[in-house]
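The chain contents come next:
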Amino acid sequence: MVEATGTRPAAGFEAFYRWHWGGVVALAYGLSGSRPAAEELAQEAFLAAHRHWDTVAGYDDPGAWVRRVAANLAVSSLRRRAAEARAMARWGGRRRPLPDQLAPEDDAFWRAVRALPARQAQVVALHYLEDRSVAEIAALLDLAEGTVKVHLHRARRALAEALGIEGEEDR
Amino acid sequence: MSIDTRGRQAAAGLHASVGHLAADPPPLGRPCSGRRVAALAAAAAAVVLLVAGGITALRDGDDGAAPVATAPGEVPRLLPSEVPAGLVPTGAVDLPVEDDSMLVVTMAVYGDPEADDPFAEGDLAVYWQPDEVGPPHSPERVRGPAAVIDEAGEVLIQWVEAGHVVTVHSRSLPVEEVRAVAESLVVDESGAELPDPPGDMALVGRAPLGIDGRDGRVAIPVDRPGHAAGWQREPTGSLAVATVAGDAGTMAAMSWFSQPGERTEVAGRPGWSLAGGEMLLWQHAPGVVAVVAGTELSAQQVRDVAWGLRPAPDAEWAELLALRAAHDAGEVEPQQATLGGGLPDGGTWRVFLREDGVLCVEVGEQQAGAVECLEPPDEPVVLEVERSDLPGGGRLVFGWFAVQGEQVLVGDAQAELASDGEATLFAIALPPGAPDGPVAVRLGGEVLAQEP
């Protein structure tokens, strides 16, 4: 909305889609815990971007917009369930192999992330998966930077406790 | 190892696991087995019909909710007394509908039928739908055909047989037991039957559920009487209210679909709170199941809707049916965030965000005023505030913000809010003599943006 005046030339949606697809799937996977659902959620986010492309293309960072939509979808358990159901309904026609399994220690980490409050999970997923700064995460999620710092601090502490990592209390 | 090191390792592992997907994005909006967008209201429900006659009246509990009268065998049409801010109606649909585009999955769920929560000690679902796309490419074999076996959190085995995509799925059983169930099924053209459920499990419920091909949030038996109405807030917010005839077994099938959940009461009636409180499903009356489901709504908002349901007047329902038809025909413009109200002189005011994000205002007699759309700011802003003197005195203070505020104060007065998913519109009509003041966008106790 801030940059939605249409003054920026609209980049091609197809190029945008191909460029950001993998990152958005990874984000949705980390937050949803379901690989098939992650693809469905990413599709839903990109479809939303496509519907609003005249506006989204004018943003400074359209990739951030689609990530925000995907992150919000992924932490909605109802939408996650629905995406899983939809994915299951399509598996009969799946022509590609399923993705590799996560290593147990990685799976444990993302399970712990998904056990966090939704905002904390979103912040920490963007921080680790995309190496985004506090300022970038704040802009992406429409939060104040101070709020992001608080979420990140609490998330780190909770993750350390859940995973049995010591020495994180004061970070 | 620090938490940051662990997090980065986990991130690398996750990226690696989906890396091949990034190299080959699927076509956007790939068709769901060739099905077109389904026609159901944007609802989020899964209920099944099992008509039971002889119901004469539905009484709420002692919670003060209004009683809802229902004729024998009738499934009532229900609407919220108050819709959460920012949601606009997408319409309604009466069931049954004849819609070949709807994906119908026949689902049988197993657990302990005597338990309050039949899935607490173990669960199993067997479901199937017509095959339209052929078997998966997989080295795994179950019952002979190639099968997909997924063990990520839940165990799911799926294959194609006798013209069906057949799935065996459990959130509690190990893969070996799920595979054994798959091997023991009797599958023919009519579907799948499980002659001997594992352990102490028994059939809890069975239902054909129609899944909305548009967003997958709807799972309703579309072949039987019922009613559903939907609202949405672009891009991803939604609310659905549905009533369908159904019994405890129906509710069990539906609740399995939307687990995790817990038993609860809704207005004194037995039901389920599912999907983290985003969905409430309850036995509204014998033979009638009701569902309220929301996305991007709090559990409290969903509860407020459920507790405040009212019978839908014929005229209001007819408008919603027409709106749904218009949506299906592509005659409805995308959602706009809109606020409006009346003026002391009998006129009206309306402010809205146009599809391109431009702020517009209309003041006139019974919506006959001219629409004025304002020039967008030259530079990106997070808060735009406009003021307009109203006929007969008073002032309209309105605008939008792009931060995540939950309250806008104009001086000491609280403005109304509406969101289009990208920005939040606010407006307040100050009566003559009322003090104007600075506009502050607040979240909790924090001021996120202020003007001037």
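Note that the structure is a prediction, hence the values are computed from the model and not measured.

Negative phi is the rule for most residues except glycine; trans is the rule for most peptide bonds. With an omega of 5°, the peptide bond between Leu-95 of chain B and Pro-96 of chain B qualifies as cis. With respect to the helices and strands, the residue Pro-96 of chain B is situated in the loop between strand S4 (88-95) and strand S5 (103-111). In this structure, Asp-142 of chain A is a non-glycine residue whose phi angle is positive, near 60°. Following the sequence through the fold, Asp-142 of chain A ends up in the loop between helix H8 (134-141) and helix H9 (145-163). For Asp-142 of chain A, a relative accessible area of 21% gives the class partly exposed.

Attention now moves to the pairing of strand S27 (residues 407-410) of chain B. Residue and element names in this part refer to chain B. Bridge count between S27 and strand S31 (residues 439-443): four bridges; the pairing is antiparallel. Each bridged residue has a counterpart across the sheet, and for Val-410 the counterpart in S31 is Val-439. One ladder, built from two bridges, connects S27 with strand S28 (residues 413-414); its direction is antiparallel. When the sheet's bridge partners are listed, Leu-409 is paired in S28 with Gln-414. Remark: two residues form the turn of the hairpin made by S27 and S28, two consecutive strands paired antiparallel; Gly-411 in that turn has positive phi of roughly 65°.

All names here are of chain A. Within H8, burial applies to Ile-137, Ala-138, Leu-140 and Leu-141. Angular distribution of buried residues about the axis of H8 spans 165°; they occupy a single face of the element. Turning to H8, the residues buried within the fold contact helix H4 (62-74), helix H7 (118-130) and H9. Where H8 terminates, the next one or two residues include Asp-142, which has phi positive at roughly 60°.

All names here are of chain B. Here we have four strands laid out as an open sheet, ordered S25-S26-S30-S29, and antiparallel in their pairing. A single partner strand is all that each edge strand has here, and the edge strands are strand S25 (383-389) and strand S29 (416-419). Each adjacent strand pair in this sheet contributes to an overall mean axis angle of 20°, direction not counted. In terms of strand pairing, strand S26 (residues 395-401) meets strand S30 (residues 424-430) through seven bridges, oriented antiparallel. Following the sheet pairing, Gly-399 is matched in S30 by Phe-426.

Further remarks concern the packing of aromatic side chains. All names here are of chain A. Summed over all chains, the structure comprises twelve aromatic pairs over all chains. Between Phe-13 and Tyr-17, the ring centres sit 6.2 Å apart and the planes meet at 10°, which makes this aromatic pair stacked. With Phe-13 and Tyr-17 both in helix H1 (residues 13-32) and four residues apart, the pair spans about one turn of that helix. Across the pair, Tyr-17 and Phe-13 agree in class, each one buried. Centre to centre, the rings of Phe-16 and Trp-53 are 4.8 Å apart; their planes meet at 40°, and the pair counts as tilted. Placement of the pair is Phe-16 in helix H1 and Trp-53 in helix H3 (residues 53-56), with a sequence separation of 37 residues. Here the two residues Phe-16 and Trp-53 agree in accessibility, since each one is buried.

Attention now goes to a negative patch on the surface. Residue and element names in this part refer to chain B. A surface patch of like charges, here negative, comprises Asp-112, Glu-114, Glu-121 and Asp-200. On the secondary structure map, Asp-112 appears in the loop between S5 and strand S6 (124-130). In this structure Asp-112 comes out as partly exposed when scored by relative accessible area, which is 34%.

Bringing the pairing of strand S21 (residues 338-342) of chain B into the picture now. Looking along a regular strand, one sees side chains alternate from face to face of the sheet. Summarising the sheet, S21 of chain B and strand S22 (residues 348-353) of chain B pair through five bridges and their orientation is antiparallel. Note on S22 of chain B: the bridge partner recorded for Gly-340 of chain B is Arg-350 of chain B.

Residue and element names in this part refer to chain B. Inspection of the entire model under this criterion finds 17 salt bridges over all chains. Of the charged contacts in the structure, one is a salt bridge between Glu-193 and Arg-206, with a shortest N-O distance of 2.9 Å. In this pair, Glu-193 is assigned in strand S11 (residues 191-193) and Arg-206 in strand S12 (residues 202-211), connecting sequence segments 13 residues apart. Members of the salt-bridge network, linked through shared partners, are Arg-387, Asp-389, Arg-395, Asp-436 and Glu-451.

To continue, consider the environment of Gly-205 of chain B. Residue and element names in this part refer to chain B. Note on placement: Gly-205 falls in strand S12. The class for Gly-205 is buried, based on a relative accessible area of 5%. A C-alpha to C-alpha distance of 9.6 Å links Gly-205 and Trp-256, two positions 51 residues apart in sequence.

Taken in spatial order, the four strands of this open sheet run S28-S27-S31-S32 (chain B), and their pairing is antiparallel. For this open sheet the edge positions go to S28 and strand S32 (446-451) of chain B, each flanked by a neighbour on one side alone.

Right, let's talk about the confidence of the model for chain A for a bit. Residues and elements named next belong to chain A. Of the residues in chain A, 76% have a pLDDT of 70 or more, and the chain-wide mean is 77. Here helix H5 (residues 77-90) stands out as the element of chain A with the lowest mean pLDDT, 58, in contrast to H7, whose mean of 91 is the highest. Below a pLDDT of 50 lies the segment residues 91-99, which in the model reaches 35 contacts outside its immediate sequence neighbourhood of four places, other chains included.

Residues and elements named next belong to chain A. Closest axis-to-axis distance for the H8/H9 pair is 8 Å, and the angle between their directions is 110°. In terms of axis orientation, H8 runs roughly perpendicular to H9. Listed contacts from H9 to Val-134, Ala-135, Ile-137 and Ala-138 of H8 are Glu-145, Val-148, Lys-149 and Leu-152.

Moving on, we get to the side chain of Thr-243 of chain B. Residues and elements named next belong to chain B. With respect to the helices and strands, Thr-243 occurs in strand S15 (residues 237-244). For Thr-243, a relative accessible area of 2% translates into the label buried. Among the polar contacts made by the side chain of Thr-243, one reaches the main-chain carbonyl oxygen of Pro-76 at a distance of 2.5 Å. The residues contacting Thr-243, other than those within four sequence positions of it, are Val-75, Pro-76, Arg-77, Leu-78, Gly-226, His-227, Val-289 and Ala-290.

Criteria and cut-off values
Residues numbered from 1 in each chain as written. Chains lettered and ligands numbered in written order. Predicted model: local features only at pLDDT ≥ 70, side-chain atom pairs only at ≥ 80, totals over all residues. Heavy atoms only, no water. Helix = DSSP H or I, 4+ residues; strand = E, 2+ residues; numbered from the N terminus. Buried < 20%, exposed > 50% of the residue type's maximum accessible area, 1.4 Å probe, protein only. Pairing = 2+ DSSP bridges. Arc of directions from axis to C-beta. Contact = heavy atoms within 4.5 Å. Axes fitted to C-alpha atoms, helices over the stretch in contact; angles between N-to-C directions. Phe/Tyr/Trp six-rings, centres within 6.5 Å; stacked < 30°, edge-to-face > 60°. Patch = residues over 30% accessible without salt bridge, like charges linked within 9 Å, V, L, I, M, F, W, Y side chains within 5 Å. Areas by Shrake-Rupley, 256 points an atom, 1.4 Å probe, with all protein chains shown as cover. Salt bridge = Lys/Arg side-chain N within 4 Å of Asp/Glu carboxyl O. Lys, Arg positive; Asp, Glu negative; His and termini not counted. Charge placed at Lys NZ, Arg CZ, Asp CG, Glu CD. pLDDT = per-residue confidence, 0-100. Parallel < 35°, antiparallel > 145°, perpendicular 65-115°, else oblique. Polar contact = N/O pair within 3.5 Å; in protein donor to acceptor, adjacent residues only side chain to side chain.

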